[in-house]
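Descriptive structure summary
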Amino acid sequence: MYTPEQLHEQSEAVIARLQSNPAFANAKIVMMYYSLDDEVCTKSLIDTLVKRGKTVLLPVVTSNEEMELHRYTNANDLQGGFFNIMEPVGEQFTDYDDIDVAVVPGMSFDTRGNRLGRGKGYYDRFLKRHPQIYKIGVCFDFQKMPGIPTEDNDVRMDIVV
């Protein structure tokens, strides 16, 4: 196990790689995630993106199978949602064709971009309906594996940083 300090330090390296990705750097509308304690920390990056004038979208779980996206403007817009994940209360975003990049967390990724999530399938269902979105998987280096099991409904990332 890693300490919170170690995970924060490792997060900084992953976030640096993410920011150097041209698709991410040039994106105007970015789907992000508001990190849990065991995920690559995205909280300060999200605020930085908003300050740079980018549109940041975060998932809001609406049922046991579906999520929608809402615009994030600042941390005051957040409230606890399903699974104790912080979700924005701002306006719903529905212009999915305008999303340039989706930054997707995972418990593990393999060298082919396959993702092992938390088992609920929210991201897979959403991304399958919107295949035009460029998908960037983010995880700690120790979560990268040579291969992970996949199913037909799993959506592969375009790149993993």
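Residues numbered from 1 in each chain as written. Predicted model: local features only at pLDDT ≥ 70, side-chain atom pairs only at ≥ 80, totals over all residues. Heavy atoms only, no water.

1. Structural notes on the packing of aromatic side chains
- One pass over the structure, following the stated rule, counts 3 aromatic pairs.
- Taking the centre distance of 4.4 Å and the plane angle of 15° together, the rings of Tyr2 and Phe142 count as stacked. With Tyr2 in the segment before helix H1 (4-20) and Phe142 in the loop between strand E10 (134-138) and strand E11 (144-145), the pair connects residues that are 140 residues apart, well separated along the chain.
- Ring plane angle 5° and centroid distance 5.3 Å describe the contact between Phe140 and Phe142, whose orientation is recorded as stacked.
- For Phe142, a relative accessible area of 34% translates into the label partly exposed.
- Taken together, Tyr2, Phe140 and Phe142 form an aromatic cluster joined through their ring pairs.
- Over the ring of Tyr122 we find Arg125, and its NZ or CZ is 5.5 Å from the ring centre. (Phe/Tyr/Trp six-rings, centres within 6.5 Å; stacked < 30°, edge-to-face > 60°. Helix = DSSP H or I, 4+ residues; strand = E, 2+ residues; numbered from the N terminus. Buried < 20%, exposed > 50% of the residue type's maximum accessible area, 1.4 Å probe, protein only. Lys NZ or Arg CZ within 6 Å of the ring centre and 35° of its normal.)

2. Let's talk about the sheet that holds E11
- Taken in spatial order, the 3 strands make up an open sheet running E9-E8-E11, and their pairing is mixed. Edge positions in the sheet fall to strand E9 (115-116) and E11, since each of these pairs with one other strand and no more.
- As paired elements, strand E8 (residues 108-110) and E11 share 2 bridges and run parallel to each other. When the bridges of E11 are listed, Phe109 appears paired with Lys144. (Pairing = 2+ DSSP bridges.)

3. A few points about a negative patch on the surface
- On the surface, a cluster of negative charge is made up of Asp95, Asp97, Asp98 and Asp100.
- Checked against the element boundaries, Asp97 lands in the loop between strand E6 (92-93) and strand E7 (101-105). (Patch = residues over 30% accessible without salt bridge, like charges linked within 9 Å, V, L, I, M, F, W, Y side chains within 5 Å. Areas by Shrake-Rupley, 256 points an atom, 1.4 Å probe, with all protein chains shown as cover. Salt bridge = Lys/Arg side-chain N within 4 Å of Asp/Glu carboxyl O. Lys, Arg positive; Asp, Glu negative; His and termini not counted. Charge placed at Lys NZ, Arg CZ, Asp CG, Glu CD.)

4. What to know about the pairing of strand E2 (residues 55-61)
- Most of E2 is tucked away, with 7 of its 7 residues classed as buried.
- Burial along E2 is two-sided: Thr55, Leu57, Pro59 and Val61 and Val56, Leu58 and Val60, pointing in opposite directions, are all buried.
- Where strand E1 (residues 29-31) lies against E2, 3 bridges are found, and the strand directions are parallel. Bridge pairing in E2 places Ile29 opposite Thr55.
- Following the backbone out of E1, through helix H3 (residues 43-51) and into the adjacent parallel E2, one traces a crossover that is right-handed.
- The sheet contact formed by E2 and strand E3 (residues 67-72) spans 6 bridges and is antiparallel. When the sheet's bridge partners are listed, Val56 is paired in E3 with Tyr72.
- Remark: 5 residues form the turn of the hairpin made by E2 and E3, two consecutive strands paired antiparallel. (Right-handed = clockwise from strand over helix to strand, strands pointing away.)

5. Observations regarding the environment of Cys139
- Looking at the secondary structure, you find Cys139 in the loop between E10 and E11.
- It is 9.6 Å that separates the C-alpha atoms of Cys139 and Gln10, two residues lying 129 residues apart in sequence.
- Apart from residues lying up to four places away in sequence, Cys139 is in contact with Val14, Arg17, Val40, Gly106, Phe109, Lys144, Val160 and Val161. (Contact = heavy atoms within 4.5 Å.)

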